[in-house]
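# Breakdown of the fold
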Amino acid sequence: MSENATNLWKDWRLHLTVLAIVIVAELIGTHRIPVGAGVILLLPMLYAVIIGIAVYFTPVVSKKQSENAETLVFITLTLLIAKFGVQAGPALPLLIEAGPALILQEIGNLGTIFLALPVAILLGLKREAVGMTHSIGREPNLALITDKYGLSSPEGRGVMAIYIFGTVFGSIFLGLISGFLATATPLHPYSFAMASGVGSGSMAAASLGPLVANFPDMADEITAFSGASNLLTSVTGLYASILIGLPLTEKMYNLLSRMRSKKEVQANTKGA
């Protein structure tokens, strides 16, 4: 084991801080907020994320400890993915029965292009919009944009902004919305379990918690679908971005930018 790895595990202040956050979050407990036909489920993980963000901006956490915490997050997520794999095994017949739905759900992740890119252009964003909207902006997408354009490029700044935003707010958003939609809409819980696999372990875990809490009798099946979906998205997501997502974003960006430029020219002509 390297010296850096040893120092990582010996950072007792970091471990103590995390333990304190976990204890506080568990003491707060789970709360249900009825909203019409649905239910917003507030889980301890949500409180832990919010408290962790708040503590980060205090002298309690140093820059070195935040860097150590980032490394430890990736380690803990490997355990989470391993758990998903173990639970997916017994449910393999059910996963096979789902057929192409599990594979084709990756196409749904490309919805960010059609929804977010026009809004980004409307707000006046330039090439940053390509990096921001070609995907949900997790680690494989960050690597793809960095390799193609460079991290210091406008596209690199765009994908990095979404990566940071997703890390901070993605788990909170998915944790809130998954439980609400699963109880407010007639769609089957399995469909939301598949939708939770967006290629991010933390986001998948955050959206999985409310689903399991709302449908405890389907807990094993929901976990299996979520784990398999997240694993497939992690594997296929990069190729979908390379072959479909990024080229499509480039074409749409060029088209929308030209349309916006024409409108601006027409507006200036009329104003003159």
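Shown above is the structure to which this text applies.
These notes cover the structure that comes with them. These numbers were taken from a predicted model, which means no experiment stands behind them.

### So, helix H3 (residues 44–56)
- Under the 1.5 Å per step criterion, the end-to-end length of H3 is 18 Å for 13 residues, consistent within 8% with the ideal 18 Å.
- Along H3, the positions that sit buried rather than exposed are Pro44, Leu46, Tyr47 and Val55. What you see down the axis of H3 is that its buried residues fit within an arc of 165°, all on one side.

### What to know about the side chain of Glu250
- Take Glu250: it is sitting in helix H13 (residues 219–271).
- For Glu250, the residues in contact, after removing those within four places along its chain, are Arg127, Val130 and Tyr149.

### Topic: the nonpolar core
- By size, the foremost hydrophobic cluster in this structure holds 16 residues, and its most contacted members are Ile113, Leu117, Ile121, Leu246, Met252, Tyr253 and Leu256.
- Counting residues per element, the ones that place at least two in this core are helix H7 (111–122), helix H8 (128–133), helix H9 (139–149), helix H10 (154–184) and H13.
- With residues near it in sequence (within four places) discarded, Leu246 still touches Val130, His134, Leu144, Ile145, Lys148, Tyr149 and Ser241.
- In terms of nonpolar packing, the next biggest core, distinct from the first, is built from 9 residues, Ala182, Phe192, Met194 and Leu208 among them.

Conventions and cut-offs
- Residues numbered from 1 in each chain as written.
- Predicted model: local features only at pLDDT ≥ 70, side-chain atom pairs only at ≥ 80, totals over all residues.
- Heavy atoms only, no water.
- Helix = DSSP H or I, 4+ residues; strand = E, 2+ residues; numbered from the N terminus.
- Expected span 1.5 Å × (residues − 1).
- Buried < 20%, exposed > 50% of the residue type's maximum accessible area, 1.4 Å probe, protein only.
- Arc of directions from axis to C-beta.
- Contact = heavy atoms within 4.5 Å.
- Core = buried A, V, L, I, M, F, W, Y, C linked by side-chain atoms within 4.5 Å.

So, to be careful, I would describe these as geometric facts and stop short of saying anything about function.
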